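Here are the chains, one letter per residue:
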Amino acid sequence: MTPELQQVLEIAGVGSTLLFLTLAGLVAFMYVLTSPLLYGGLPLSRGGGRVTTKAREQARQEAAAEEERQRQAVAMAVAVARARAARPVPLESDAAAWRRMHRVQRFGQPTARARARL
């Protein structure tokens, strides 16, 4: 083996080793940053792993409160969507108003065959 080839292989070996050590260090650093031990450890209950009735009731209340918040968010989203509507929605019993609304929509749409006049 020529001395030049040996030198190239040594440089490639050192470079590969440094590359893989750097990648391993990066992965280890990511694990350390996402570790729960970094943020004060895992929360453990004092009841020896048993869930108390008080904790169950609190979890049930939190779930009910979250469900109520979601219901209110949906109601607000519907209210905003209806408020942003360009035209008022007629009552269901007024069939003529529905026909009129759909006719206005249909005539308001651009036609595909419309062409510019010279």
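This is a predicted model, so every value here is computed, not measured.

**Student:** Can you help me understand the overall build of the chain in this one?
**Tutor:** Helix and strand counts for the chain come out as three helices and zero strands. Listing every helix and strand of the chain by position from the N terminus yields α-α-α. Within the chain, the fraction of its 118 residues that count as buried is 3%. Counting every atom, the chain has about 11500 Å² of accessible surface; 63% of that belongs to carbon and sulfur.

**Student:** I tried to follow a positive patch on the surface on my own but got confused; where do I start?
**Tutor:** On the surface, Arg-99, Arg-100, Arg-103 and Arg-106 cluster together to form a positively charged patch. On the secondary structure map, Arg-103 appears in helix 3 (residues 95-108). For Arg-103, a relative accessible area of 41% gives the class partly exposed.

**Student:** Just to check I follow, could you spell out the confidence of the model for the chain for this structure?
**Tutor:** As a general rule, the predicted coordinates of low-pLDDT regions are not to be interpreted in detail. Averaged over every residue, the pLDDT of the chain is 80; residues scoring 70 or more account for 75%. The secondary structure element of the chain with the lowest average pLDDT is helix 3, at 75, and the one with the highest is helix 1 (residues 3-33), at 95.

**Student:** Quick question: what am I supposed to make of the pattern of salt bridges here?
**Tutor:** Where charged atoms from two side chains of opposite charge approach closely, those side chains can pair. Using the criterion set out here, one finds four salt bridges in the structure. The partner of Glu-57 in a salt bridge is Arg-60, with the nearest N and O atoms 2.9 Å apart. Of the two residues, Glu-57 and Arg-60 are both situated in helix 2 (residues 53-84); the distance of three residues between them amounts to about one turn of the helix. Glu-57 sits in the partly exposed class, given a relative accessible area of 36%. We classify Arg-60 as exposed; its relative accessible area is 52%. In this structure, Glu-68 engages Arg-71 in a salt bridge whose closest nitrogen and oxygen atoms are separated by 2.9 Å. Remark: Arg-71 and Glu-68 occur in helix 2; sequence separation between them is three residues, near one turn of the helix.

**Student:** What is the right way to read a nonpolar patch on the surface from this model?
**Tutor:** The grouping of Leu-19, Phe-20, Leu-23, Leu-26 and Met-30 at the surface amounts to a nonpolar patch, some 520 Å² of accessible area in total. Position of Phe-20 among the secondary structure elements: in helix 1.

Thresholds applied
- Residues numbered from 1 in each chain as written.
- Predicted model: local features only at pLDDT ≥ 70, side-chain atom pairs only at ≥ 80, totals over all residues.
- Heavy atoms only, no water.
- Helix = DSSP H or I, 4+ residues; strand = E, 2+ residues; numbered from the N terminus.
- Buried < 20%, exposed > 50% of the residue type's maximum accessible area, 1.4 Å probe, protein only.
- Areas by Shrake-Rupley, 256 points an atom, 1.4 Å probe, with all protein chains shown as cover.
- Patch = residues over 30% accessible without salt bridge, like charges linked within 9 Å, V, L, I, M, F, W, Y side chains within 5 Å.
- Salt bridge = Lys/Arg side-chain N within 4 Å of Asp/Glu carboxyl O.
- Lys, Arg positive; Asp, Glu negative; His and termini not counted.
- Charge placed at Lys NZ, Arg CZ, Asp CG, Glu CD.
- pLDDT = per-residue confidence, 0-100.

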